[in-house]
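The residues making up each chain are set out below.
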Protein chains: 2
Amino acid sequence: MVNIKEVAKQAGVSASTVSRVLTGNIPVAAETRQKVLDAVKDMNYQPNPLAQGLKGTRIKAIGLFIPNVRDLVFPAAVRGIEDTAKQHGYTVVLCNTDESIEKELSYIQNLRRRLINGFILSTARSNSPHLLALKEEKFPMVCLIRHLGEELDAVVLDNRDGAYQAVKYLVQRGHRKIVILNGNMEVYLYRERFAGYRQALEEAGIPLDKRLIFDNINGWDESGRVVRDMLNSGVRPDAIFGTSDPKAIGVLKAVKDCGFRVPDDISVIGFDDSDIAAFLDPPLTTVAQPFYEMGVKACEKLIRLIESKRRSRPKVEVLPARLVVRDSVR
Amino acid sequence: MVNIKEVAKQAGVSASTVSRVLTGNIPVAAETRQKVLDAVKDMNYQPNPLAQGLKGTRIKAIGLFIPNVRDLVFPAAVRGIEDTAKQHGYTVVLCNTDESIEKELSYIQNLRRRLINGFILSTARSNSPHLLALKEEKFPMVCLIRHLGEELDAVVLDNRDGAYQAVKYLVQRGHRKIVILNGNMEVYLYRERFAGYRQALEEAGIPLDKRLIFDNINGWDESGRVVRDMLNSGVRPDAIFGTSDPKAIGVLKAVKDCGFRVPDDISVIGFDDSDIAAFLDPPLTTVAQPFYEMGVKACEKLIRLIESKRRSRPKVEVLPARLVVRDSVR
DNA sequence: CTGAAAGCGCTTACAG
DNA sequence: CTGAAAGCGCTTACAG
């Protein structure tokens, strides 16, 4: 690999000059500049980012924390982030945290030292002191999809309203006995979605029924199991609200496995509008979360944070939720 | 961030000594060693990987090229890779190439200079001179899922046999008019799958029928469109073989949209056994490609390549395909 | 076994 | 506008 000295030699200038034309913020005579540019092109020279990084220049990389790429919902966001990063010359390091604090810590340990200029976090529970600590160090970071309150920049959906819209729609269609399959209530977004559920029911004068409320459910296997147990035990709801598409997918299958039709016997509604939603049978009615766009926004926000000198106050950007009506609700 | 000098000072030794105990391959007196370790622990010191990288030490990062994380099939492989990488202290940089040579080139340009120790490529078409060139430079790399012949290490499935098993199964179940929806024939793996299709038909004495063979089809939208057109034009196959699960998913929907039942009227078979396959309706019969395990294997192979001095001859590891029978074939 | 020195490939004050 | 020098934080021959 050719280095700056060899380029300097070929161009007949000093290494300093080469560096100056390449970094670009210090003026160089047009003629000299051209000679350097020619040599650079000729030798196909590219500065070593490690050396640049050592000098404090940007290494142009960001760390992305998500629970699991393998979850239906994250790839679209990841793609939005990566596309945006690439566009700005940044590289993205993927970290699967499985929502484990230990894993997060070990990634942070590993990446913190200048190998990365900032983080996008899609992983936060309410108690994340290690993340707040990073924030204290002025490490650029933005939360995506999930967030930790007002202290950190974030791009999130209006989760309460999304759930509200979903359940309100169910109510409007005449359903009253509405099951909610919710995620871990330690995660802010699930608390919000529950709040939306409750609000819609309250407005309709439908009392909360503990037997219809299921917490801390993850993914399709778990949601399927819960629904099967419920149905087998004789409970017979009008509709089931899965607070994520994976949960709704588990519901779809479990309901049919138990001999009921969707939506004729039981309506199902999801949350996410993942890529597969329209291809399910029946096509899933669900609340859209524009993952790709959210990824783009989060990444742009982060790069702005990294590249701007002064810190402005953190802002959490709340995007509107939108119900996508397909055929899984009667 | 504390650096090696400060640690040396606290431990009362030279920076050289600190470096020696940390890298570990040069002997240090037990007592000195302990002092250093104490200081390191005390100050929570971690060497700056940038500086280490500059000196030629491993930066411990790998670049992962896939067409698109958002495709159903890649996340599981990505996860296998990332888990393995993490276990070995490596970091993975995700690159979505969209099968574009230009994108690949720009990633290579960007990552080559020591920011990455090697590549995992899941992206190769048959003409990939830029990848072969990397290989020439002795850059460690391994192909995953797709490969480029014998010159490069690789972990792939026995694609021909997988397709053969699928179509043979169809034939055994009494189907004769079997449509194949195949991918881009420039991709080796799709040529192989086609070969398997042909072989199974030949063995059964069923002549190839051009009207049942569709090439260069990508993803569910395209496959759905093709199937709808075919069905509307009056062609009525016994079975449809989608050479990837996404294609099969498009088929499932299109067939039903056209008023036919799966599998009663038309059987459908896929390839991949993606996570969602069992949750489709009907659950999809498909050829399993153990993505996670393949990711693990590829990553281990790459790390071995990176960390071993001498190059051994490239080996392509071909894993056996396995048909997973569910309910989409009559 | 240990320290002082050189050097990895850059960038950026410091002179001129 | 340009060059020589120092320095980023390490590692590793070179002496001792």
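Residues numbered from 1 in each chain as written. Chains lettered and ligands numbered in written order. Predicted model: local features only at pLDDT ≥ 70, side-chain atom pairs only at ≥ 80, totals over all residues. Heavy atoms only, no water.

S.K.: Summarise the protein's contact with DNA strand C; cite the residues concerned and give the values.
M.R.: Near DNA strand C there are 27 residues, and of these A:Ser19, B:Thr17, B:Arg20, B:Thr32 and B:Lys55 occur at the shortest range. Here a phosphate oxygen of DNA strand C sits 2.5 Å away from a polar atom, N or O, in the side chain of A:Ser19. Between DNA strand C and B:Ser14, the relevant distance is 3.1 Å, taken from a phosphate oxygen to a side-chain nitrogen or oxygen of the residue. Put simply, the parts of the chain that give the surface near DNA strand C at least two residues each are helix H2 (15-23) and helix H4 (49-54) of chain A together with helix H2 (15-23) of chain B. If one sorts the elements of the surface near DNA strand C by residue count, H2(A) sits on top with four residues. (Near = heavy atom within 4 Å. Polar contact = N/O pair within 3.5 Å; in protein donor to acceptor, adjacent residues only side chain to side chain. Helix = DSSP H or I, 4+ residues; strand = E, 2+ residues; numbered from the N terminus.)

S.K.: Describe the pattern of salt bridges, naming the residues involved and giving the relevant values.
M.R.: All names here are of chain B. Applying the stated criterion across every chain, the model contains 26 salt bridges over all chains. For the salt bridge of Asp-98 with Lys-103, the shortest nitrogen-to-oxygen distance reads 2.8 Å. The exposure class assigned to Lys-103 is partly exposed, which follows from its relative accessible area of 27%. Residue Asp-273 is joined to Arg-326 by a salt bridge in which the shortest nitrogen-to-oxygen separation is 2.5 Å. Within this pair, whereas Asp-273 is found in the loop between strand E9 (267-272) and strand E10 (285-288), its partner Arg-326 is found in the segment after strand E12 (322-324), the two being separated by 53 residues in sequence. By relative accessible area, Asp-273 is classed as partly exposed at 23%. (Salt bridge = Lys/Arg side-chain N within 4 Å of Asp/Glu carboxyl O. Buried < 20%, exposed > 50% of the residue type's maximum accessible area, 1.4 Å probe, protein only.)

S.K.: Describe the domain arrangement of chain A, with residues and values.
M.R.: By convention, interface size is frequently given as the accessible area that disappears when the constituent parts associate. On domain assignment, one finds that chain A holds domain 1 (4-47), domain 2 (61-157 + 291-321) and domain 3 (159-289). Using only C-alpha atoms to locate each centre, domain 1 of chain A and domain 2 of chain A end up separated by 36 Å. (Domains from an automatic or database assignment.)

S.K.: Describe in detail the relation of the copies chain B and chain A, supporting the description with residues and values.
M.R.: In the superposition of chain B on chain A (RMSD 0.1 Å, axial shift 0.0 Å), the rotation amounts to 180 degrees. Taken together, the rotation angle and the small translation identify this as a two-fold axis. When each C-alpha of chain B is compared by its distance to the rotation axis, B:Val93 comes out closest, at 2.2 Å. The residues that chain B uses at the interface reappear at the interface of chain A in 100% of cases, marking a shared surface. (Least-squares fit on C-alpha atoms with pLDDT ≥ 70 in both. Contact = heavy atoms within 4.5 Å.)

S.K.: Which residues make up the interface of chain B and chain A, and what are the values?
M.R.: Facing 54 residues of chain B, the contacting portion of chain A comprises 54 residues. By the criterion of area lost to chain A, the three top residues of chain B are B:Arg70, B:Arg113 and B:Phe279, representing 17% of everything that side buries. At the boundary of chain B with chain A, the tally comes to 18 residue pairs in polar contact (both at pLDDT 80 or more). Per element, the largest residue contribution to the side of chain B that touches chain A is seven residues, and it comes from helix H6 (residues 101-112) of chain B. (Buried area = accessible area lost by both parts, 1.4 Å probe.)

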